Amino acid sequence: MRIKDLPDEELLLPGNAACQGCPSSIALRLALKALGRNTLMTVVASCTSVLQSPFPASALGVPLLNMAFATAGASGSGLAAAVERLVRKGVYAERPTVLVWAGDGGTYDIGIQALSGAAERNADFIYVCYNNEAYSNTGTQRSGATPYAAWTTNTVSGKREWRKDMAQIMVAHGIPYVATASLAYPIDLYEKFLRAKEIRGTRYIEVLAPCPPGWKFPSGHTIKVARLAVQTGMWLLYEHREGTTSYTAGTQRLIQGKARRLPVEEYLKVQGRFRHLFHPERDEGRIAEIQRRVDRVFETLEFTYRMREHIMDIEMLPPR
Ligand SMILES: Cc1ncc(C[n+]2csc(CCOP(=O)(O)OP(=O)(O)O)c2C)c(N)n1
Ligand SMILES: [Mg+2]
């Protein structure tokens, strides 16, 4: 599949209120191309509440419920229950997809309780966390998704804690589908939504969303920064189904040794939120600490990959 094979229909309309280079709008545009018009959406307080345009205008071609910050999991559960009832009553010719759309603040922090409850009940929706690694709509405050050493308005010399791994928390819920995605690998992202659409129950997709004003890079560089996150190993692309994790796209190529992993500083130095790691002098300690963390993850991934290949080689040997 190639970009030109994507559906022409636009369900996120141009002339919306997003910033230039807004990653959420790019993710939403691609997601709605995959899910199509028969989608019901709930959005909680976030940049997406703004980009959809002020009432009574709407930039979305699907019905939309605007909800309070902490309620993504709960409002998605409610919509899913309503859909189930209407399907039983024969109201729909075809079952609509329920799409829950929330930021990282609304997912990792304030919304985790409702999301965890919904996932434990296996509520029938696709939950998207577009992760711009901060409370961006209110001017860039730290969240549980903000990475170590990143500047935000309340971590002015760099965040001291490491981010939590929300996608793995969702894997631990045992839901039928968890995936991570990147705007720089749009076909991978699109196909993950297509696969999620065919599954029932709670599906969680997290998209890394490099935010030009919040991460402080020029608005034309959203895709470049998204790609560097994967190429340096700072963001992993995978999907998890039926107990098995498969690494995809750029991450798969790194693990298989088909592409060379770039040093993390290639990613850090193009973003103003990490400027204090390079100016007025290099903070060797923190840069090396970030690099070490990524190296450790890849050592394990590469080892597991080589072991699997080795086992497959053994299995292919003729029986003695
Ligand atoms: C209970 C509550 N607290 C605070 C706010 C103010 N508020 C609106 S959007 C937002 C930030 C949301 O951050 P995130 O979920 O990461 O989405 P983003 O803005 O980054 O898109 C905040 C703090 C609110 N609407 N409700
Ligand atoms: Mg955010």
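One structure accompanies this document, and this report is about it. Keep in mind the model is a prediction, meaning the values are calculated, not measured. Here the residue index of a chain counts from 1 through its sequence in written order. Whichever chain is written first becomes A and whichever ligand is written first becomes 1, with later ones labelled in order. Local features in a predicted model are, by the rule used here, given only for residues with pLDDT of at least 70; side-chain atom pairs are given and counted only at 80 or more, and totals for whole chains, interfaces and linings are based on all residues. In computing side-chain values, all of the structure's heavy atoms are included and hydrogens and water are not.

### Quick word on the site of ligand 1
By convention in this text, a residue qualifies as near a molecule or strand provided that one of its non-hydrogen atoms is within 4 Å of it. The local shell around ligand 1 holds 16 residues, among which Cys47, Gly105, Gly106, Tyr130 and Asn137 are the closest. Glycine 105 places a polar main-chain atom, nitrogen or oxygen, 2.8 Å from an oxygen atom of ligand 1. Contact distances for ligand 1 include 2.8 Å between an oxygen atom and a backbone N or O atom of asparagine 137. Protein contact buries 71% of the 580 Å² of open area that ligand 1 shows by itself. Per-element accounting of the shell around ligand 1 gives the leading share, 3 residues, to helix 4 (residues 104-109). A per-class count over the shell around ligand 1 returns 7 nonpolar, 8 polar and 1 charged. Nitrogen and oxygen atoms within 3.5 Å of one another constitute a polar contact, given that in protein one can donate a hydrogen and the other can accept it, and given that sequence-neighbouring residues count only through two side-chain atoms. For the area figures, the Shrake-Rupley method with a 1.4 Å probe applies, and any residue is considered shielded solely by the protein chains shown. Here a strand is any run of E in DSSP of at least two residues, a helix any run of H or I of at least four, and the numbering for each starts at the N terminus. All amino acids are sorted into three groups, where Ala, Val, Leu, Ile, Met, Phe, Trp, Tyr, Cys and Pro are nonpolar, Asp, Glu, Lys and Arg are charged, and the leftover types, Gly among them, are polar.

### Observations regarding the pattern of salt bridges
Two side chains with opposite charge may pair up if their charged atoms get near one another. Take a side-chain nitrogen of Lys or Arg and a carboxyl oxygen of Asp or Glu: if they are within 4 Å of each other, that pair is a salt bridge. Counting across every chain of the model gives 19 salt bridges. Of the charged contacts in the structure, one is a salt bridge between glutamate 9 and arginine 37, with a shortest N-O distance of 2.7 Å. Separated by 28 residues along the polypeptide, glutamate 9 in the segment before helix 1 (23-35) and arginine 37 in the loop between helix 1 and strand 1 (39-44) bring together distant segments of the chain. A salt bridge links arginine 282 to glutamate 284, with the shortest nitrogen-to-oxygen separation between them at 2.9 Å.

### Let's talk about the sheet that holds strand 7 (residues 238-241)
One requirement defines pairing of two strands: DSSP has to find at least two bridges between them. The strand order across the open sheet built from 8 strands is 2-1-3-4-6-5-7-8, with neighbouring strands paired in mixed fashion. For this open sheet the edge positions go to strand 2 (64-67) and strand 8 (244-247), each flanked by a neighbour on one side alone. Ignoring strand direction, the axes of neighbouring strands in this sheet form an average angle of 15°. Bridging between strand 3 (residues 97-103) and strand 4 (residues 126-131) involves 5 bridges; their strand directions are parallel. Considered in strand 4, the bridge of alanine 102 is made with cysteine 129. Lines are fitted to the C-alpha atoms to define the axes, a helix being fitted only along its stretch in contact, and any angle between axes, read from their N-to-C directions, falls within 0 to 180 degrees.

### Topic: the coordination of the magnesium ion (ligand 2)
Here the term donor refers to an N, O or S atom within 2.8 Å of the metal (or 3.2 Å for Na, K and Ca), and because water is left out of the atoms, sites may appear incomplete. The coordination sphere of the magnesium ion (ligand 2), as far as protein atoms go, consists of Asp104 (OD), Asn132 (OD1) and Ala134 (O), spread over 2.0 to 2.1 Å. Along the chain, the residues that donate to the magnesium ion (ligand 2) are spaced as D-x27-N-x1-A. Of this pair, aspartate 104 sits in helix 4 while alanine 134 sits in the loop between strand 4 and helix 6 (166-171); the two residues are 30 residues apart in sequence, bridging distant segments of the chain. In this pair, the class of aspartate 104 matches that of alanine 134, namely buried. Only protein chains enter the accessibility calculation, which uses a 1.4 Å probe; a residue whose area is less than 20% of its type maximum is buried, one above 50% is exposed, and one in between is partly exposed.

### Observations regarding helix 7 (residues 186-197)
One fewer than the residue count of a helix, multiplied by 1.5 Å, yields its expected span. For helix 7, with 12 residues, the first-to-last C-alpha span of 16 Å sits near the 16 Å given by 1.5 Å per residue. Within the sequence span of helix 7, burial applies to Pro186, Ile187, Asp188, Leu189, Tyr190, Lys192, Phe193 and Ala196. Close packing links the buried residues of helix 7 with helix 1, strand 4, strand 5 (177-182), strand 6 (203-208), strand 7 and helix 10 (249-255). In this description, contact between two residues means that some pair of their heavy atoms is separated by no more than 4.5 Å.

### Focus: the nonpolar core
With 92 residues, the main nonpolar core has Trp101, Tyr127, Phe193 and Tyr204 as its most contacted residues. The leading source of residues in this core is helix 1, at 7 residues. When near neighbours in sequence (up to four residues on either side) are disregarded, tyrosine 127 contacts Ala72, Gly73, Val100, Ala102, Gly106, Thr107, Leu115, Arg203, Tyr204 and Ile205. Buried Ala, Val, Leu, Ile, Met, Phe, Trp, Tyr and Cys residues that are joined via side-chain atoms within 4.5 Å together make up what is termed a nonpolar core.

### Some thoughts on the packing of aromatic side chains
Only centres within 6.5 Å qualify two rings of Phe, Tyr or Trp (six-membered ring in Trp) as a pair; their planes then separate them into stacked at under 30 degrees, edge-to-face at over 60, and tilted for everything else. As enumerated under the stated definition, the model contains 7 aromatic pairs in all. Seen in terms of ring centroids, tryptophan 101 and tyrosine 130 are 6.0 Å apart; in terms of plane orientation they differ by 20°. Their pairing is stacked. Residue tryptophan 101 is found in strand 3, and its partner tyrosine 130 is found in strand 4; the two are separated by 29 residues along the sequence. Each member of the pair, tryptophan 101 together with tyrosine 130, is buried. Comment: the charge-over-ring label is applied if NZ (Lys) or CZ (Arg) is within 6 Å of the ring centre and within 35 degrees of the ring normal. Over the aromatic face of tryptophan 162 sits the side chain of arginine 293, whose NZ or CZ is 3.7 Å from the ring centroid.

That's the geometry; what it means functionally is another story.
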